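# Overview (structure and organization)
One-letter residues, chain by chain:
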Amino acid sequence: MDSQPSRSSGRFETSPTTSSPFLTKSISDHQSLASILNNPHAGKSDGFWWWSTSSSIPTPDFLPLSTLPKPGSDTRLPDFQSYLSSISDPYSRFHDIQQHTKFESLDDQNDQNALVACLKEVPSLYFKDDFELEDGATFKAASPFRTNAENLVMQEKLSQYLDVVELHLVREISLRSNSFFEAQGELVDLNSKIVEGCDRIRELKETISLLDDNLVGSARKVQELNVRRSELITHQDKLKLILYVNQALSTLKLLVASTDCAGALDVIDDLQHLLDGDELAGLHCFRHVRDELAASIDSINSILSAEFMRISIHETGDLDASITSKFKVRETISMNGEGHEVKLDEEETSNLLDRLLPFVIGLLRTAKLPAVLRVYRDTLTADMKTAIKMAVEELLRVLGGQPMDSDFVAGERAVDTDGGSSSLASRLRSLSPECFVHLLKAVFLIVQAHLVQASEVKRAIEWILCHLDGHYAADSVAAAIALGAAASETAHETNDQVHSLLQLAVQRKGNDGTTTSSSSRNFRADVLRENAEAVFAACDAAHGRWAKIIGVRSPIHHRLRLQEFLNIYNITQEFITATEKIGGRLGYSIRGTLQSQANAFIDFQHESRMAKMRAILDQENWAEIDVPDEFQTIVTSLFYSDETREFADEVSADIAPSSDGSPKTEARLQKISQNAEHTDPTPLRSDSTTQSNETNSKERGRSSPKLLFFRGAGYHMVNCGLILVKMLSECIEMNNSLSGLSSEIVHRVVEILKLFNTRTCQLVLGAGAMQVSGLKSITSKHLALASQVISFTYIIIPEIKRILFLKVPETRKGLLILEVDRVAQDYKMHRDEIHSKLVQIMRERLPVHLRGLPQIVESWNRPEDTDTQPSQFARSITKEVGLLQRVLCRTLHELDVQAIFRQVVIFFHSQISEAFSHLDISSSPQAKKRMYRDVQHILGCIRSLPTDSKSNPPNWGQLDEFVAKNFGEAI
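This is a predicted model, so every value here is computed, not measured.

### Regarding the overall build of the protein chain
Each helix and strand counted, the protein chain has 34 helices and two strands in total. For the protein chain, the residues scored as buried account for 41% of the 971 residues in total. Long-range pairs, those at least 24 residues apart, make up 81% of the contacts in the protein chain between residues at least 6 apart in sequence. Accessible surface computed for the protein chain: about 53900 Å², of which carbon and sulfur atoms make up 53%.

See the structure below:
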């Protein structure tokens, strides 16, 4: 610190004549003092002013500052009086501190000087802390002399050193003698006060002892006795707890042995509460209780699982045996026999629920229900597979001896002999379709029995978990769900035993209700999911077994007849529908197997029909045949009107797919025909075409052939046309039965129609029938019959499209409609080409006759006119036209005939009139007369041709104009 200022330094003077420069220098040399004094608001409690020698110091008078007066300045010392008064106290304290510090520094300096002087006179060796003359090194350093004289001198020096030290010590003591004696006096006073205090303490102890003996002793004894009593009660409670735990463990063993799972779980919960608390802490005798509880819980879970499995699954074995025994009876093997529906009544359902309730609650409390449901799923699946296999083996022993109705199935048998026994697959393939369907019915009922039982178990668990409101066990189920949910949640976080998890779950429930509610919902959802998965797994296993059974016979099924395949297809569809309804999900595996077999069946049937149609067309002689009533019934039934719509289902079910001529088929066809006659009594032979056909037939002296009628019009048919109708009816029936494959069936129908149209065109218009059928020529009769068949097919295509497209999905209708419409347009073009071919026949025949007309005209110039008949030219041309007219009018419809002969009339008029106009007959009246006779004969024939002409006379044309121009009205 800088040197402190003093009163003698010139800083404070009383004389007013002190120069100002001296004051300025003093302030500048003491910046610390200036910084303190310039703070007028410093308090008296500041840390620097902790000591003062006087209570007040007079305020010093500062010397006036010598400053140059400024113009207008009159500042004087009294102007600073307020400032000086505010800093007087802080300054006085500061001055006292300076004086005190100065005095202490002087004392320290004096003491230091004395010690220094002492150290200078006495060597430092003697002031060391470890100074010991016994030490050899120290002794040698203190006494380095070897002679006695030197040692004596050294001893004298040591005495001098001792005197110097004593002198300085006495001086120091004298300097502090006042303080020493004051301290010694205070010590004596303190000793006396301590003695006095000890006497008072002794007196207090005696007083307290008397009070304890007379007043507090009895109360303290009571308190001690109470403490001892409390300790004894605590020990008694501990012993009672030990006795309770011991009895509880014994009771738990008895409950587990008697399979009283609910009571055992209650005991386990109580013991678990005790273990998780502090009551049993430190009791070495109960160190194995946790392990015993864990073993008991495992035993309880095993009991609950076994009872749950017994009630849910194993009680269906008797029903399986009953179903199998019924189907093993030979009299029940009939396609008309109806199966017995498996269904639990209300009493059985209620009984099942009551039996499952305690076990489900127990499994919920131990959080084992999801795991048990997973085991239940596997067991149910395995039991389902075993039951199906045993039923198939039992029924094959009976059904294996049934005769097979289908001849071609015998060729498909593949029996693997191994020690006289055949494999299960080959035995299934050897069954007839009826026996196989019978086996499927038995399997259906067995699967249905198992699935109904599983479905009732599922419903019972769902009802216990979700719909138990108002039931006597509702609270128990809710508590069990909460315990199981908390245990399931905690199981992911710790590896402790199940019993400790239950207690932790209870604690969490009390601490966090929201979390418990959420975990309860998750646990319930987990149980419901496993419950549903068990039933679905059983359905999936049943689907797999069923698909395997029908898959073994896949090489046979596509060769079955339609009704036989439909029996298998329909029962499989019923099986899929029933199992999917129970399982709640789609069975993709069995649907795929059934779809593939249906596709194979459709493909095989289509290829058979295509090959059959090719063979029939190649053998067709294009001769008209009578239409059997069966085909008329088919057409009437398939293409029904609104009034006959109610018979559609009956038609689809009753029309046989093959013309086997069985009495049953004929009876059904007759029944449908009678129904159609009652609903559509319109006489289809009332049109003009039919009347003309009957008239022409009577003129020929024979009965009219039976036609195929549709919408009031009759159609002459040939054999291939009727076969086509039969095939189309089978395709429609197949479409109604296999609605899922409607798109594929429509494609096949389109291909059949294309084949028939294309091959008919090649055989008739292309004259291919002359090579393959042995026809000598293609006549107008052949063309007319082909036109009738094509016209009939063309007219029923819209009805076929309407019927087939009822089952086609909307997404595929667009392309299929275009294909069908394209085929219909091809049929229309084919019909028009046939009509054009009929016109072309006459167009080609007329020039042949016209080429002989000049020779006939030369004969007209001879004078003798004995022949009154028309010429050979006129008779020949009218004869051919008349023949064509008779053929077409007897075969084709009136509109078609009119369209054909309208074209014949036009080119007859033009070509004959042109040919006659080139003849020169003006020089011979006889020739002119004969020409007029021929023209009139030809015009008579033209007048008789059926056309839609409205002129008068009918079929007026160029030949009439030629007659009017060249002959006038005179001839």
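### As for unusual backbone geometry
For Trp-622, which is not a glycine, the phi torsion comes out positive at approximately 60°. The backbone of Ala-767 shows a phi angle near 60°, a positive value even though the residue is not glycine. Looking at the element boundaries, Ala-767 is found in the loop between helix H26 (742-765) and helix H27 (769-772). Ala-767 gets classed as partly exposed once you look at its relative accessible area, which sits at 23%.

### Here we look at the packing of helix H6 (residues 177-257) against helix H7 (residues 261-276)
Relative to each other, H6 and H7 sit at 150°, their axes nearing to 9 Å. As summarised for this structure, H6 and H7 are arranged roughly antiparallel, according to the angle between their axes. H7 is crossed by H6, and the crossing has left-handed handedness. Note on element contacts: H7 touches H6 through Gly-263, Ala-264, Val-267, Ile-268, Asp-270, Leu-271 and Leu-274, opposite Leu-241, Tyr-244, Val-245, Ala-248, Leu-249, Leu-252, Leu-255 and Val-256. A class-by-class count of the residues in the contact of H6 with H7 yields 13 nonpolar, one polar and one charged.

### Brief notes about the packing of aromatic side chains
One pass over the full model with this rule turns up 11 aromatic pairs. An aromatic cluster is built from Phe-444, Trp-546 and Phe-575, whose rings are joined through pairwise contacts. When the ring centre of Phe-436 is taken as origin, the NZ or CZ atom of Arg-553, which lies over that ring, is 4.3 Å away.

### With respect to the nonpolar core
Of all hydrophobic cores here, the largest spans 199 residues; its most connected members are Phe-308, Leu-364, Tyr-376, Leu-439, Phe-908 and Phe-916. Broken down by element, this core gets its largest block of residues, 17 residues, from helix H14 (residues 433-466). Core analysis: the second largest hydrophobic core is formed by six residues, Ile-323, Ala-387, Ile-446 and Ala-449 among them.

### Remarks on a negative patch on the surface
On the surface, Asp-129, Asp-130, Glu-132, Glu-134 and Asp-135 cluster together into a patch of negative charge. Within the secondary structure, Asp-129 sits in the loop between helix H3 (81-121) and helix H4 (136-142). Judged by relative accessible area, Asp-129 falls into the exposed class, the value being 83%.

### Examining the pattern of salt bridges
Note on pairing: side chains with opposite charge can pair once their charged atoms come close. Applying the stated criterion to the full structure yields 25 salt bridges. Ionic pairing is found between Arg-377 and Glu-530, a salt bridge with its closest N-O pair at 3.9 Å. With Arg-377 in helix H11 (residues 369-399) and Glu-530 in helix H17 (residues 513-552), the pair connects residues that are 153 residues apart, well separated along the chain. Bridged by salt links that share partners, the residues Arg-374, Arg-377, Asp-378 and Glu-530 form one connected network.

### Quick look at the confidence of the model for the protein chain
The predicted coordinates of low-pLDDT regions are not to be read in fine detail. Summing up the model confidence of the protein chain, the mean pLDDT is 75 and the portion of residues at 70 or higher is 72%. Confidence drops under a pLDDT of 50 for residues 1-63, and excluding neighbours within four residues, the segment shows 71 contacts in the predicted structure. Predicted confidence for residues 330-340 stays below pLDDT 50, and this span has 19 contacts to residues more than four positions away or in other chains.

### Description of the environment of Ser-871
By the secondary structure assignment, Ser-871 is in the loop between helix H30 (853-860) and helix H31 (872-891). Ser-871 sits 18 residues away from Leu-853 along the chain, and the two C-alpha atoms are 9.4 Å apart. Excluding its chain neighbours within four sequence positions, the residues that come into contact with Ser-871 are Ile-856, Trp-860 and Asp-934.

### Looking at the side chain of Glu-730
Turning to its location among the elements, Glu-730 is positioned in helix H25 (residues 719-737). In this structure the side chain of Glu-730 is engaged in a polar contact, spanning 3.1 Å, whose partner is the side chain of Arg-609.

### Structural notes on the environment of Ala-600
Relative to the helices and strands, Ala-600 is located in helix H20 (residues 588-619). For the pair Ala-600 and Pro-555, spaced 45 residues apart in sequence, the C-alpha separation works out to 9.3 Å.

### Thoughts on H30
All of the buried residues along H30 are Leu-853, Ile-856, Val-857, Ser-859 and Trp-860. Relative to the axis of H30, the buried residues are bounded by an arc of 155° and lie together on one face. Away from its buried face, by an angle of more than 90 degrees, H30 presents the exposed residues Gln-855 and Glu-858. On the buried face of H30, the contacting elements are helix H29 (810-850), H31, helix H32 (894-917) and helix H33 (925-944).

### Comments concerning helix H28 (residues 780-804)
In this model, H28 (25 residues) spans 35 Å end to end at C-alpha, consistent with the 36 Å of a helix rising 1.5 Å per residue. Bending of H28 peaks at approximately 35° at the position of Ile-797, with proline Pro-798 no more than four residues after it. The buried fraction of H28 amounts to 19 of the 25 residues, a majority that puts the element mostly inside the structure.

### Re the packing of H6 against helix H8 (residues 289-312)
Relative to each other, H6 and H8 sit at 15°, their axes nearing to 10 Å. Put simply, H6 runs roughly parallel to H8. Note on packing geometry: the crossing formed by H6 with H8 is left-handed. For the pair formed by H6 and H8, the contact residues are Leu-249, Leu-252 and Val-256 on the first element and Val-289, Glu-292, Leu-293, Ser-296, Ser-299, Ile-300 and Ile-303 on the second. Here the residues of the contact of H6 with H8 sort into seven nonpolar, two polar and one charged.

What counts, and where the lines are drawn
Residues numbered from 1 in each chain as written. Predicted model: local features only at pLDDT ≥ 70, side-chain atom pairs only at ≥ 80, totals over all residues. Heavy atoms only, no water. Helix = DSSP H or I, 4+ residues; strand = E, 2+ residues; numbered from the N terminus. Buried < 20%, exposed > 50% of the residue type's maximum accessible area, 1.4 Å probe, protein only. Contact = heavy atoms within 4.5 Å. Areas by Shrake-Rupley, 256 points an atom, 1.4 Å probe, with all protein chains shown as cover. Axes fitted to C-alpha atoms, helices over the stretch in contact; angles between N-to-C directions. Parallel < 35°, antiparallel > 145°, perpendicular 65-115°, else oblique. Left-handed = near helix turned anticlockwise from the far one by under 90°. Nonpolar A, V, L, I, M, F, W, Y, C, P; charged D, E, K, R; others polar. Phe/Tyr/Trp six-rings, centres within 6.5 Å; stacked < 30°, edge-to-face > 60°. Lys NZ or Arg CZ within 6 Å of the ring centre and 35° of its normal. Core = buried A, V, L, I, M, F, W, Y, C linked by side-chain atoms within 4.5 Å. Patch = residues over 30% accessible without salt bridge, like charges linked within 9 Å, V, L, I, M, F, W, Y side chains within 5 Å. Salt bridge = Lys/Arg side-chain N within 4 Å of Asp/Glu carboxyl O. Lys, Arg positive; Asp, Glu negative; His and termini not counted. Charge placed at Lys NZ, Arg CZ, Asp CG, Glu CD. pLDDT = per-residue confidence, 0-100. Polar contact = N/O pair within 3.5 Å; in protein donor to acceptor, adjacent residues only side chain to side chain. Arc of directions from axis to C-beta. Expected span 1.5 Å × (residues − 1). Bend = angle between axes of the 7 residues up to and from the residue.

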